[in-house]
Amino acid sequence: MTAKTRSIYPLLTLSAFFWGATFNFAKYSVHYLSAPASAALRFTLAAAITAAILLPQRAKVAEVVRQNGKAFVVLALLGVFGFNTFFFLGMQYTSPTNGSLIQATNPLVTALIAAVFYKEKISGNHKVGTTISFLGVAALILVGSVQRLEPPNIGDICCLVANICFAFYAVVQKRYVKNSTPLITTGMTNIIGFVPLWAVALAVSPQPTPSVLAHLPWQVYGALFFMGALGSVLAYVFWNQGIVRLGVADTAVFFHLVPVFTVLASFVLGQEVTWVQVIAGLVVMSGVVISSGQHHRLLRRTPAAAPAATAAPATAAAPAAEQPAAAAR
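Residues numbered from 1 in each chain as written. Predicted model: local features only at pLDDT ≥ 70, side-chain atom pairs only at ≥ 80, totals over all residues. Heavy atoms only, no water.

A short note on the overall build of the protein
Inference 1: Of regular secondary structure, the protein possesses 16 helices and zero strands.
Inference 2: Looking at the protein as a whole, 52% of its 329 residues are labelled buried.
Inference 3: A separation threshold of at least 6 residues defines the contact pool for the protein, and within that pool the share at least 24 residues apart is 89%.
Inference 4: Of the roughly 14,300 Å² of accessible surface on the protein, a fraction of 72% belongs to carbon and sulfur atoms. (Helix = DSSP H or I, 4+ residues; strand = E, 2+ residues; numbered from the N terminus. Buried < 20%, exposed > 50% of the residue type's maximum accessible area, 1.4 Å probe, protein only. Contact = heavy atoms within 4.5 Å. Areas by Shrake-Rupley, 256 points an atom, 1.4 Å probe, with all protein chains shown as cover.)

As structure tokens, this is what we get:
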């Protein structure tokens, strides 16, 4: 495993943090705006930021769009319009914890889609790490969540549909986008995707009229800024870099951290956090460490692992060998 490969792990963790906190901010924003309006405003900001960043390299962007125009439209419909429409609808009817726990199953959904449709292999570390992380998520759902996951309601169903949209987004991006950069892919999907979001927002009451927007609390704009700049630009850029470097399945496992960060954000906002949630969160993070192969590195640093040091590199190399093969497909 190269240093370049390892360097993506903190960025993927940041993506999970941005998305985890986004559940709390989305829940807050839909108290004042309709779900489509919240999504449209979020991605208007995201589209403006990415357009400004991409402007100096517009010649390169034009060439990439020429090669990937159809793929970008599909990605925008899946990862921006589809995901956010159902995500904000879900936040109107369910809790941030419920939404993030449903979204935490994304690695399983993504790996299943990649395996069924494209025969993509899954590394041994990923299988073990995903299983451990899923046990942590299950503990949060069944025992220690701030709000127990109730029998499916419309909010839970919307979050599940959003989850499936994002899984297809990851798979399609990996398979069909060629000669692009994570920034260009993120920027173009944001720019294309916010257009249909506005079409729906203007057709749903209450509409985001200038008078409505003028009377919003400043905290709503702060929430929209966080979701637009961090949750919709930086998080997607980091996530797309992970897909390029690690492959779809090994990147998707970092979604297990999303509910952990959602619960932490709930704690900061004054909601109860139990010892069961803390333990479950540690289990989830240990699963991510194992899936990424970092547990071999940590074991080699401990005195007890010294006698096995000669065998460890061969074990650690196995998933690294599998990753280029997955990336080439």
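Brief notes about the environment of T97
Inference 1: Relative to the helices and strands, T97 resides in helix α5 (residues 96-103).
Inference 2: You can call T97 buried: its relative accessible area is 4%.
Inference 3: Each C-alpha atom, one on T97 and one on A265, is 10.0 Å from the other, the two residues being 168 residues apart in sequence.

A few points about the pattern of salt bridges
Inference 1: Overall, the coordinates contain one salt bridge when judged by the stated rule.
Inference 2: Two residues, E63 and R66, come together in a salt bridge whose shortest N-O distance is 2.7 Å. Here the residue E63 and the residue R66 both occupy positions in helix α4 (residues 58-93), the gap between them amounting to three residues, near one helical turn. (Salt bridge = Lys/Arg side-chain N within 4 Å of Asp/Glu carboxyl O.)

With respect to the confidence of the model for the protein
Inference 1: Confidence in the prediction of the protein, expressed as mean pLDDT, is 78, and 81% of residues score 70 or more.
Inference 2: A low-confidence stretch, residues 144-149 (pLDDT under 50), is modelled with 22 contacts involving residues beyond four sequence positions or located in other chains.
Inference 3: Ignoring residues within four places in sequence, the model shows residues 305-329, a span with pLDDT below 50, making 24 contacts including any to other chains. (pLDDT = per-residue confidence, 0-100.)

Digging into the nonpolar core
Inference 1: In terms of nonpolar packing, the biggest core is built from 75 residues, with W19, L33, F87, F88, F166, W239 and F254 touching the most fellow members.
Inference 2: Top element by residues in this core is helix α11 (residues 218-246). It accounts for twelve residues. (Core = buried A, V, L, I, M, F, W, Y, C linked by side-chain atoms within 4.5 Å.)

Quick word on the packing of helix α3 (residues 35-54) against α4
Inference 1: The interhelical angle for the contact between α3 and α4, taken along N-to-C directions, is 155°, at an axis separation of 10 Å. If you check the angle between α3 and α4, you find them roughly antiparallel. For the crossing formed where α3 meets α4, the hand is right-handed. Side by side, α3 and α4 meet where A35, S38, A39, R42, F43 and L54 of the first sit next to R58, V61, V80, N84, F87, F88, L89 and Q92 of the second.
Inference 2: The class makeup of the residues in the contact of α3 with α4 is nine nonpolar, three polar and two charged. (Axes fitted to C-alpha atoms, helices over the stretch in contact; angles between N-to-C directions. Parallel < 35°, antiparallel > 145°, perpendicular 65-115°, else oblique. Left-handed = near helix turned anticlockwise from the far one by under 90°. Nonpolar A, V, L, I, M, F, W, Y, C, P; charged D, E, K, R; others polar.)

Regarding the packing of helix α2 (residues 8-29) against α4
Inference 1: Relative to each other, α2 and α4 sit at 70°, their axes nearing to 9 Å. Classified by the angle between their axes, α2 and α4 sit roughly perpendicular to one another. Judged by the sense of rotation from one axis to the other, the crossing of α2 with α4 is right-handed. Between α2 and α4, the residues in contact are T22, F23, A26, K27 and S29 and F87, F88, M91, Q92 and Y93, respectively.
Inference 2: Across the contact of α2 with α4, the residue classes break down as six nonpolar, three polar and one charged.

Things to note about the environment of F238
Inference 1: Inspection of the secondary structure assignment puts F238 in helix α11.
Inference 2: Separated by 225 residues in sequence, F238 and T13 place their C-alpha atoms 9.1 Å apart.

Examining a nonpolar patch on the surface
Inference 1: A cluster of nonpolar residues, L112, V116 and F117, forms a patch on the protein surface that exposes about 330 Å² of accessible area.
Inference 2: For L112, the location among the structural elements is in helix α6 (residues 106-118).
Inference 3: Judged by its relative accessible area of 55%, L112 falls in the exposed class. (Patch = residues over 30% accessible without salt bridge, like charges linked within 9 Å, V, L, I, M, F, W, Y side chains within 5 Å.)

Describing the state of the cysteines
Two cysteines, two sulfur atoms, one covalent bond between them: this is a disulfide.
Inference 1: Under the counting rule described, the total for this entry stands at zero disulfides.
Inference 2: Here C158 stays unpaired: no disulfide links it, and the sulfur of C159, its closest cysteine neighbor, is 7.1 Å away.
Inference 3: By relative accessible area, which is 10% here, C158 ends up buried. (Disulfide = S-S within 2.5 Å.)

Things to note about α3
Inference 1: Across its 20 residues, α3 extends 28 Å between first and last C-alpha, which sits within 8% of the 28 Å expected from 1.5 Å per residue.
Inference 2: Of the residues that open α3, the one with a side-chain oxygen 3.2 Å from the backbone nitrogen of A37 is S34. (Expected span 1.5 Å × (residues − 1). Polar contact = N/O pair within 3.5 Å; in protein donor to acceptor, adjacent residues only side chain to side chain.)

Quick look at the packing of aromatic side chains
Inference 1: Summed over all chains, the structure comprises 15 aromatic pairs.
Inference 2: Between the aromatic rings of W19 and F166, the centroid separation amounts to 5.4 Å while the plane-to-plane angle is 75°, which identifies the pairing as edge-to-face. Linking W19 in helix α2 with F166 in helix α8 (residues 154-176), this pair joins segments that are 147 residues apart in sequence.
Inference 3: For W19, a relative accessible area of 6% translates into the label buried.
Inference 4: Residues F87 and F88 carry aromatic rings whose centres are separated by 5.1 Å and whose planes lie at 75° to one another, so their mutual orientation is edge-to-face.
Inference 5: Put simply, the rings of W19, F23, F83, F87, F88, F166, Y169 and W239 pair up and form one aromatic cluster. (Phe/Tyr/Trp six-rings, centres within 6.5 Å; stacked < 30°, edge-to-face > 60°.)

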